[in-house]
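Structure at a glance
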Amino acid sequence: MNKIEKKIREIAGKLLKDKKVKLIIGFEKGTLPLKARPTFVRKPEEVEKLIWNPFCENNLAVYIPFYRRYLDNGETIGVIAKGCDARSLILHIQENIEKREQIFIIGIPCEGILDRKRIEKEAFPGEITEVSEKDDTILVKGNGFEKTLKKKDFLCEDCIVCSHRKPVVYDELVEGDVKETEAADRQNQIKEFESKEPDERWKIFTEEVSRCIRCYACRNACPACYCKECFVDCSKPQWLGTTVDSETDLQLFQIIRTFHLAGRCVNCGSCSRACPMDINISLLVNKLSVDAKRLFDYETGIDVNEKPVLNKYSEDDSNEGFFEEH
Amino acid sequence: MKDSSKSIKHIEKDKLSEFIKQLRKDFTVIAPRNVKDFVLFQELKADEEPYLDFLNSRQSPKEYFFPQTENIVEYEGVTDKRVPIVTEKQMRKRIIFGMRPCDVTSLSILDRLFVNEDYVDNYYKRLRDNTLIFGFGCSYPRTTCFCTSFDSGPFSTKGTDVFITDSGDTFIIEGITEQGKKLIEKLPDGDKKLLKTKSEIEKKALDSITTPPDVEKIPEKLKGLFENPVWEVISERCLGCGVCTYLCPTCHCFDIQDEVIDNKGRRVKNWDSCMFPIFTLHGSGHQPREFRFQRMRQRIMHKFNYYDENFDIIACCGCGRCVTECPVNIDVREILRTISEL
Amino acid sequence: MLKSYLEYLGLEKGRFQCAWLSSAEAERFVKIAKATIESVRKLGPAKKLVRKTFAAENC
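Residues numbered from 1 in each chain as written. Chains lettered and ligands numbered in written order. Predicted model: local features only at pLDDT ≥ 70, side-chain atom pairs only at ≥ 80, totals over all residues. Heavy atoms only, no water.

Take the overall build of chain B next. In terms of regular secondary structure, chain B is built from 11 helices and 11 strands. Since a compact globule built from 342 residues should have a radius of gyration of about 20 Å, the 22 Å found for chain B is in line with a globular shape. Across its three principal directions, the C-alpha atoms of chain B cover 65 × 60 × 40 Å. Put simply, of all contacts in chain B between residues at least 6 apart along the chain, 72% involve residues at least 24 apart. As displayed, chain B has an accessible area near 16,300 Å², and 50% of this comes from carbon and sulfur atoms. One way to put it: in chain B the 52 positive side-chain charges average out to a point 2 Å from where the 54 negative ones average out. (Helix = DSSP H or I, 4+ residues; strand = E, 2+ residues; numbered from the N terminus. Rg over C-alpha atoms; globule rule 2.2 N^0.38 Å. Contact = heavy atoms within 4.5 Å. Areas by Shrake-Rupley, 256 points an atom, 1.4 Å probe, with all protein chains shown as cover. Lys, Arg positive; Asp, Glu negative; His and termini not counted. Charge placed at Lys NZ, Arg CZ, Asp CG, Glu CD.)

Given below as structure tokens:
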């Protein structure tokens, strides 16, 4: 058990004992070596199952809208939150999904989530059956092989340029010596793609999304995708075809869903990690966050009292992209 | 005179592409391909070799029998004067090369639904009848595999036409059906020793599947569990996406849509998933499966109880795809264990 | 942002345009419409985001 885990259990146990929260959402050990999974703790004696490691890949804010009945009853929910989870919770609060006082944020100083898919590919075509952590490396074992991997080489793309590893808003913070990434510049993640010719970019985009099987795991794993009725499910009017043999429908699904996240995405990378066909959705949403920063100097989920960037208007907002007389 | 042992052949690994080339003359060959370091079954391009160094494909080849999007009928004309466009397309015979035994088993499960005494789904049947299966022994089952829980196994030849085993430098090739035997006629004969090698590989594979859940009593057990609170516990972390059902080789629910442009249209069949709320949403707005636990219950009940009652077989083949790809690691093996312990 | 996003994904520059416009600005509307037509004409027929099969019936 590491220091962070110990502290999490301590805080969680106390909160439940004092009946300050109805439920704590955290992580437990999964059934696969490279996975920790969301868990729901309601009794103080259950806190022993809470864990923390670099495989806690889900954004737990996604579960809050499922607990409408708790929120409506005025209950409080505790969330074990990484930097990105906390920012998603703030977005929720800004958008009136939950009230600030109904969420107890147990902040974790996150050193970045490891990219399960990239680690699995190290073993490709084989399978990783065992993994252990040691300082800044992980040891993976499989059928007839053993590899030591440096954690920093296998961070999720989104975590490399994360600018808020430590939750910006929290009720209790688990102490940890995490340094914010120097020169965390999201622009770097899209530079290569952006430097290509438009047709080449369109080709890459199309190739990526043409693998889409419309399982909507990206949408459902996303804490900002909480619409009661998603535009893809609307039947009156039906905005989008439901087939997979139309490239355009697949492109439109990805464009519209991601654009709905403009100024709302915290770049947690949950969508890319959830995708069973390994579509690089981060490549799309990264651009939106870069533009929110560039045009409006805005970052999502920082200040509870602020409004999401596209919900507010100011006379000196950027006019980029609008028709200009020459 | 041919006796059954004569249908054991073998082929050197470097001669495989020549064999596939021969097959391609008469068949469309669908085989595993490496797509961005994961494997999918796709049609082989000219001179391309199948990618056989894989555990199992990310998606099962079920889409070649039950496509995700399939036209039922195309038509022409305006509102009340619609005429179907009838095009009798000749379908080229296909081979699915390198299909794992679990996925082959899934076809025998689907057969009972799509082709039975009361009802025949012609779309499925046509694709099924036109396809030969080259099964591929599973030398290294994954830790998430549990095919041995069912009437299958890593080297089960049931349902295949030809069965391939990777023995290191060569492929051991067995003809199972008459059609299959004919296709491999020209390959060099193998001797009895090969069978021994095969059974050694098979034993090793079987030994590596250590803890398959016992499913025998599950259908009976589920009968009394509809109202049990366990479903809320099992489904609490479920995000409600369709990964489990869309990657599952036995899930077979679909939705029918009409699409029209100008004066042409089509009626089209799409996969659908019981994990989506819209799956059961009525036109009136009534939602009989409002909560995630109801949808999870439906998925498990359908696979392990209703299907067994209707078709006398469990609708799961133990491929483990839902286990490995679920974004929140919901593990069906664990669910089965929980249920049997109740 | 949408314009920038679509162009990032590879849609041709000038295919998609937006403008701030009041109902009182008839002359400006004409000007913008003409400029849009001109820029789209220059680009030729659209090849991206064109549905090749069928559109949904009940929209």
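This brings us to unusual backbone geometry. Generally, phi is negative for residues other than glycine and the peptide bonds are trans, each holding for most cases. Residue P125(A) follows F124(A) across a cis peptide bond; omega there is 0°. By secondary structure assignment, the location of P125(A) is in the loop between α4 (116-123) and β5 (128-134). For D297(A), which is not glycine, the phi torsion reads 50° and is therefore positive. You can see D297(A) is positioned in the segment after α11 (282-296). Unlike most non-glycine residues, D312(B) shows phi in positive territory, near 60°. With respect to the helices, strands and loops of the structure, D312(B) is situated in the loop between α9 (292-311) and α10 (321-325).

Glancing now at the pattern of salt bridges. Residues and elements named next belong to chain A. Within the structure shown, the criterion is met by 58 salt bridges over all chains. Between E28 and R37 there is a salt bridge, and its shortest N-O distance comes to 2.9 Å. With relative accessibility at 11%, the residue E28 sits in the buried group. By relative accessible area, R37 is classed as buried at 4%. (Salt bridge = Lys/Arg side-chain N within 4 Å of Asp/Glu carboxyl O. Buried < 20%, exposed > 50% of the residue type's maximum accessible area, 1.4 Å probe, protein only.)

Attention now goes to the sheet that holds strand β7 (residues 145-150) of chain A. Residues and elements named next belong to chain A. An order of β5-β6-β7 is seen for the 3 strands of this open sheet, with the pairing classed as antiparallel. Where the open sheet ends on each side, the last strands, each with one partner, are β5 and β7. When strand polarity is set aside, the average angle formed by the axes of neighbouring strands in this sheet is 20°. Where β5 lies against strand β6 (residues 137-142), 6 bridges are found, and the strand directions are antiparallel. Within β6, the residue paired with I128 across the bridge is G142. (Pairing = 2+ DSSP bridges. Axes fitted to C-alpha atoms, helices over the stretch in contact; angles between N-to-C directions.)

Residue and element names in this part refer to chain B. Relative to the helices and strands, D111 resides in helix α2 (residues 101-114). Sequence separation between D111 and L16 is 95 residues, and the spatial gap between their C-alpha atoms is 31 Å. Those residues in contact with D111, other than ones at most four positions away along the chain, are N116, Y124 and R128. Polar contacts involving the side chain of D111 include one to the side chain of Y124, which spans 2.7 Å. (Polar contact = N/O pair within 3.5 Å; in protein donor to acceptor, adjacent residues only side chain to side chain.)

Once that is clear, we can look at the nonpolar core. Within the largest apolar cluster, 140 residues are counted, with the highest numbers of intra-cluster contacts made by I77(A), F97(B), W231(B) and F304(B). A per-element tally of this core places helix α1 (residues 3-17) of chain A first, with 6 residues. Of all hydrophobic cores here, the second largest spans 25 residues; its members include L91(A), V285(A), L295(A) and L9(C). (Core = buried A, V, L, I, M, F, W, Y, C linked by side-chain atoms within 4.5 Å.)

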